[in-house]
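Listed below are the residues making up each chain.
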Amino acid sequence: MSVLGIETSCDETAAAVVTGAGEIRANLVLSQLDEHRPYGGVVPEIAARSHLDHIDGLVERAMAEAGIDFPELDGIAVTAGPGLIGGVFVGVMTAKAIALAWDLPFLAVNHLEGHALTARLGTDLAFPYLLLLVSGGHCQLLAVEGVGRYRRLGGTIDDAVGEAFDKTAKLLGLGYPGGPAVERQAAEGDPTAFDLPRPMLGRPGLDFSFSGLKTAVRHAADTAGLLDNPDGDPARKADLAAAFQTAVGDILAERCAKALAVFAEDYGQAGPLVVAGGVAANRHLRQRLDAVAQDAGSALIAPPPALCTDNAAMIAWAGVERLRLGLTDPLDFAARPRWPLEDLGAAAATRAG
Ligand code: KG4
Ligand code: ZN
């Protein structure tokens, strides 16, 4: 089985071909970073136009690299939401056109399901598992019971973790995208040099909050003369980046430890803990979560960093998983700007019969 995957929901135009055995035959990601950098964030209109300019050529290149022709494909999978809707339209229309032209099954993939199933790509990871999904727009703890079957255990009540990384980078003038820049600075800094809060720590439940931490970082940056100051002391910037990253690590570690206990009670097994989404590329956070998983008698499963940030291999793989279960979609499937993972369960159950 071979599936072509297309991803255009944010600022990466991506196309990939993945087999049923989990072999990645091609995985191309075209970043629009340079186009958005002058604005300090993703501009939806620019993103949509850029996807439109590049998607055809990228699909062609992915197919050539995979060494297969369209008639040999078993399905076309595309991110149909959630995301910036202009970009999503571009990917969905491209995928529908290919599916129609070659009479291939069409698979409308939820971007978050792509992240959620990535850990199974090329591995023998079985359901259920505990998932920490941490990206630019999301921060959730989920019990993954199967394809299309997600039970939300907790989530952020305000900002996403990736957003907090991006804001911190912006405040410190570290550029865009923020996550990798903060991680690089943090490696040089002393995390104890600033005292930052850990919102929700020790509170009941499994929810997260990052807006208080963001405000505290702004205040600390202002006090230390680092706010929007390109000439601010680089060592102090590194210290603040390190303090921020450590605070995030403390929060994620505590919530995941609690979630592992809840998961063990509900499912009668210790983990495994899987981390996914762009923030999962962060090495410091991976180490923290690995320690938490080991303390619970489990293990952390983290996809390679290139499969944590947005890519089309994860969309093609989610397509493979859905195709295997006969969960194909009609060509009039409407793209969705908002599409919570919990809504998938019902859809899958209805379609399966
Ligand atoms: O999953 P993703 O590529 O796109 C979304 O679906 O949102 O995640 C992007 C987010 C951004 O906020 C980015 O700053 C963050 O992931 N990120 C990181 C790292 N690499 C990417 N955050 C912390 N450390 C990193 N190394
Ligand atoms: Zn993503």
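Chemist: Report on the site of ligand 1, specifying residues and quantitative values.
Modeler: As a matter of local geometry, ligand 1 sits amid 18 residues, with G136, D166, G179, E183 and D310 nearest to it. Taking H115, its side chain carries an N or O atom lying 3.1 Å from an oxygen atom of ligand 1. Residue G136 places a main-chain N or O atom 2.8 Å away from an oxygen atom belonging to ligand 1. Starting from 550 Å² of accessible surface for ligand 1 in isolation, the protein chains cover 88%. Mapped onto the shell around ligand 1, the elements with two or more residues apiece are α4 (111–117), α5 (161–171) and α6 (178–186). Of the residues assigned to the shell around ligand 1, the class counts are four nonpolar, 11 polar and three charged.

Chemist: Tell me what's going on with the nonpolar core, and back it up with residues and numbers.
Modeler: Across soluble globular proteins, nonpolar side chains show a tendency to be buried alongside one another. Counting 62 residues, the largest nonpolar core has L4, V59, I76, F106, L131 and Y150 as the members making the most contacts within it. With eight residues, helix α11 (residues 313–324) is the single largest residue contributor to this core. Beyond its immediate stretch of four places on either side in the chain, L4 contacts A16, V17, V59, M63, F70, L73, G75, I76, A77, I98 and A316. Membership of the second largest hydrophobic core comes to 50 residues, among which are L153, L171, L196 and L226.

About the thresholds
- Residues numbered from 1 in each chain as written.
- Chains lettered and ligands numbered in written order.
- Predicted model: local features only at pLDDT ≥ 70, side-chain atom pairs only at ≥ 80, totals over all residues.
- Heavy atoms only, no water.
- Near = heavy atom within 4 Å.
- Polar contact = N/O pair within 3.5 Å; in protein donor to acceptor, adjacent residues only side chain to side chain.
- Areas by Shrake-Rupley, 256 points an atom, 1.4 Å probe, with all protein chains shown as cover.
- Helix = DSSP H or I, 4+ residues; strand = E, 2+ residues; numbered from the N terminus.
- Nonpolar A, V, L, I, M, F, W, Y, C, P; charged D, E, K, R; others polar.
- Core = buried A, V, L, I, M, F, W, Y, C linked by side-chain atoms within 4.5 Å.
- Buried < 20%, exposed > 50% of the residue type's maximum accessible area, 1.4 Å probe, protein only.
- Contact = heavy atoms within 4.5 Å.

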